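Report on the structure
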Amino acid sequence: MKYTEDHEWLRAEGDIVVVGITEHAAEQLGDVVFVELPDAETQVAKGDDIVVIESVKAASDIVAPLDGEIVAVNADLADNPGLVNEDPTGNAWFFKIKVDDLGQLDGYMTEDEYQEMIS
Amino acid sequence: MPELKRTPLYDLHVALGAKMVPFAGYEMPVQYGMGVMKEHLWTREHAGLFDVSHMGQVRIIPKSGDISDAARAFETLVPVSILGLKEGRQRYAMFTNAHGGILDDLMVANRSDHLLAVVNAACKEDDIAHMTAGLAGCSVESQADRALLALQGPQAETALARLVPGGADMRFMDVADFDWQGAELWISRSGYTGEDGYEISLPNTKSVEFAEALLAMDEVEAIGLGARDSLRLEAGLCLYGSDIDSETTPVEAALEWAIQKARRRGGDREGGFPGADVIFEQLENGAPRRRVGLLPEGRAPMRAGTELYAGETHVGTVTSGAYGPSLEAPMSMGYVTTEYAETGTKLEGEVRGKRLPVTVADLPFRPSNYKR
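Anyway, here's the lowdown on the structure attached to this text. (Residues numbered from 1 in each chain as written. Chains lettered and ligands numbered in written order. Predicted model: local features only at pLDDT ≥ 70, side-chain atom pairs only at ≥ 80, totals over all residues. Heavy atoms only, no water.)

This part covers the overall build of chain B. Helix and strand counts for chain B come out as eight helices and 19 strands. For a compact globule of 372 residues, the expected C-alpha radius of gyration is about 21 Å, and chain B comes in at 21 Å, within 12% of that figure. With the C-alpha coordinates of chain B rotated into their principal frame, the extents come out at 65 × 50 × 45 Å. Counting the 372 residues in chain B, one finds 58% classified as buried. Sequence-distant contacts in chain B: of pairs separated by 6 or more residues, those separated by 24 or more amount to 66%. Accessible surface, chain B: about 15,000 Å² in total, of which carbon and sulfur atoms supply 50%. The average position of the 37 basic charges and that of the 53 acidic charges among the side chains of chain B differ by 2 Å. (Helix = DSSP H or I, 4+ residues; strand = E, 2+ residues; numbered from the N terminus. Rg over C-alpha atoms; globule rule 2.2 N^0.38 Å. Buried < 20%, exposed > 50% of the residue type's maximum accessible area, 1.4 Å probe, protein only. Contact = heavy atoms within 4.5 Å. Areas by Shrake-Rupley, 256 points an atom, 1.4 Å probe, with all protein chains shown as cover. Lys, Arg positive; Asp, Glu negative; His and termini not counted. Charge placed at Lys NZ, Arg CZ, Asp CG, Glu CD.)

Further remarks concern the interface of chain A and chain B. Of the residues lining the interface, 14 residues belong to chain A; the matching set on chain B comes to 13 residues. Overall, the association of chain A and chain B removes approximately 1,200 Å² of surface from exposure, summing both partners, and the carbon and sulfur fraction of that is 50%. Inspection of the chain A/chain B interface yields three salt bridges. A salt bridge links Lys 354 of chain B to Glu 36 of chain A, with the nearest nitrogen and oxygen atoms 3.4 Å apart. Taken together, the connections running from chain A to chain B amount to seven residue pairs in polar contact (both at pLDDT 80 or more). (Buried area = accessible area lost by both parts, 1.4 Å probe. Salt bridge = Lys/Arg side-chain N within 4 Å of Asp/Glu carboxyl O. Polar contact = N/O pair within 3.5 Å; in protein donor to acceptor, adjacent residues only side chain to side chain.)

The next point concerns the layout of surface pockets. All names here are of chain B. When its volume is computed, the second largest pocket comes out at roughly 700 Å³. Surrounding the second largest pocket, 31 residues form its lining, Tyr 92, Phe 172, Met 173, Leu 237 and Trp 257 being those nearest its centre. Where the lining of the second largest pocket is concerned, the elements lending two or more residues are β5 (90–96) and β14 (289–296). It is β14 that contributes the most residues to the lining of the second largest pocket, four residues altogether. Taken together, the residues that form the lining of the second largest pocket break down as 18 nonpolar, seven polar and six charged. Residue-level mapping places the lining of the second largest pocket at the junction of two domains, with at least three residues from each of domain 1 (10–52 + 145–234) and domain 2 (288–372). (1 Å grid on protein atoms, 1.4 Å probe; cavity = no way out; pocket = protein on both sides within 12 Å on 5 of 7 lines; lining within 4 Å. Points joined across faces, edges and corners; volume = space filled by probe spheres on them. Nonpolar A, V, L, I, M, F, W, Y, C, P; charged D, E, K, R; others polar. Domains from an automatic or database assignment.)

All names here are of chain A. On the surface, a cluster of negative charge is contributed by Asp 15, Asp 48, Asp 49, Asp 61, Asp 67, Asp 100, Asp 101 and Asp 106. Within the secondary structure, Asp 106 sits in the loop between β9 (95–98) and α4 (111–118). Under the relative-accessibility criterion, Asp 106 is labelled exposed at 59%. (Patch = residues over 30% accessible without salt bridge, like charges linked within 9 Å, V, L, I, M, F, W, Y side chains within 5 Å.)

For the rest of this paragraph, the subject is empty space enclosed by the protein. Residue and element names in this part refer to chain B. Enumeration according to the criterion identifies two cavities of 30 Å³ or more in this entry. Put simply, the largest cavity is a space of about 60 Å³. Along the walls of the largest cavity sit Leu 9, Leu 12, His 13, Leu 16, Tyr 32, Leu 49, Phe 50, Asp 51, Leu 149, Ala 211, Leu 215 and Ala 222, which together make up its complete lining. Of all the secondary structure elements, the ones that give two or more residues to the lining of the largest cavity are α1 (10–15), β3 (47–51) and α6 (204–215). The biggest single contributor to the lining of the largest cavity is β3, with three residues. Roughly 40 Å³ of internal volume is contained in the second largest cavity. In terms of lining residues, the second largest cavity is bounded by Met 28, Pro 29, Tyr 32, Phe 50, Asp 51, Ile 223, Gly 224, Leu 225 and Arg 228. Of all the secondary-structure elements, those providing two or more residues to the lining of the second largest cavity are β2 (26–31), β3 and α7 (225–234). Classifying every residue of the lining of the second largest cavity gives six nonpolar, one polar and two charged.

Residues and elements named next belong to chain B. Counting 58 residues, the largest nonpolar core has Ile 60, Phe 74, Met 131, Leu 135 and Ile 244 as its most contacted members. Counting only domains with at least three residues in this core, you end up with domain 1 (10–52 + 145–234) and domain 2 (288–372). The residues touching Met 131, leaving out its near neighbours within four places in the chain, are Val 58, Ile 60, Phe 74, Leu 77, Phe 95 and Val 140. (Core = buried A, V, L, I, M, F, W, Y, C linked by side-chain atoms within 4.5 Å.)

Turning our eyes to something else, we now look at the environment of Ala 310 of chain B. All names here are of chain B. Relative to the helices and strands, Ala 310 resides in strand β15 (residues 307–310). Judged by its relative accessible area of 18%, Ala 310 falls in the buried class. Separated by 192 residues in sequence, Ala 310 and Val 118 place their C-alpha atoms 39 Å apart. Excluding residues that lie within four positions of it along the chain, Ala 310 makes contacts with Val 315, Tyr 340 and Leu 347.

Enumeration over the complete set of coordinates arrives at six aromatic pairs over all chains. Consider the rings of Tyr 3 of chain A and Tyr 114 of chain A, whose centres lie 4.9 Å apart with planes at 15 degrees: the pair is stacked. Separated by 111 residues along the polypeptide, Tyr 3 of chain A in strand β1 (residues 2–3) and Tyr 114 of chain A in helix α4 bring together distant segments of the chain. With respect to class, Tyr 3 of chain A is no different from Tyr 114 of chain A; both count as buried. Judged by centre distance (4.1 Å) and plane angle (10 degrees), the ring pair of Phe 172 of chain B and Tyr 370 of chain B falls under stacked. Here Tyr 370 of chain B lies in the segment after β19 (354–361) and Phe 172 of chain B lies in the loop between α5 (156–163) and β10 (175–180), a separation of 198 residues in the sequence. Residue classification places Phe 172 of chain B among the buried positions, given a relative accessible area of 14%. Its guanidinium or amino end placed over the ring of Tyr 10 of chain B, Arg 6 of chain B lies 3.8 Å from that ring's centre, counting from NZ or CZ. Note that Arg 111 of chain B overlies the ring of Trp 186 of chain B, its terminal NZ or CZ placed 4.2 Å from the centroid. (Phe/Tyr/Trp six-rings, centres within 6.5 Å; stacked < 30°, edge-to-face > 60°. Lys NZ or Arg CZ within 6 Å of the ring centre and 35° of its normal.)

Rendered as structure tokens:
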């Protein structure tokens, strides 16, 4: 598992990377009430705003952490946004992105580095 | 930036695990451990305790000793009948400016030999100056030595009655004094959540002890400003500075119910408050725009600042918007051109560049639960 400075977690499964937000991020956001996901089969570039999360406090964006193609989005989140608070690193994944070059992951933090950043 | 002020309950909030944020010049609890959503629902089902000590409590004492002199003077600042406010009763009012705009909204109580005004925290210095300058023959006294707690929800009566048995006999908008362990409590049966409940003014020195006595009860949890905001929005109540301000009139704000007949054109004490001409004209012919409830379709909240359209025509702006935990849907309020203000009118709100459907709705979004 790798982590971004925007509090995303990235889990590689072959050439597909599953993306969600960390428990720390979910806690900071508070109760999530709305999630807007991108369409599947969309080409995205690293840094694009592709997900909107609205909590009881405010709206925030999630950016694409990698260049690639969105191959799946988690439709459960549209009906049950609270899942983000209940199970942020499991059932509440946001999207799966197919990447050409897994080497893009190398620049991101390890679990230890991420824990240090938020401590 | 000036240093943030603290209420007498600051240490208690921190000990309870509150997340403290700046609000109207104070460090206030926005939420505790439960989080905004659960705190909101707790208040609707049980009883929530809110620290609202940042609000201004101001006594208006007539130098003549005759309360009607204070009431008469107060009527020069508000379009509301204060002479008609009976002893032991409270009502909603607003200070207006010469253009009919709202300088602040407030509660006024007739406490036998004086009036008590409870005003918004962000406005209290200006309000005190306004009252001091405008209330001839009265002494205007800020009660900085008193805290203010709100206990709200269907179990508020049960909880309060354990400490103050007489509280159960009050009805909505009654005010009365009680003694608790030698401290003088000024209690009103009111609040800003749409629920039954009380607002309790008490000496700072006793406030922590009293709050702890309530929090020790199974029915009562501490609730932060986050849930206070979603509760008041579901109840259709205005937040000063967002939904009403010096640019909005009581008629535009759909608050004309607060202007009694006696102060309207043809009434016994017609006019005599700032902006009466503008407000009378709007009462008779309608205002160009109107505050309305708005129910977005789907789950995306339309927050303050969302622009509203009917086709290509810009017709208004959202002033408050959030997810309603009891409504289980997003809800907003805002101003629209009067011809689009009718309940059921379909509009669109622009959220992140996309036009999404929204319908004009009646306020409040859910029925109030006051003990009348």
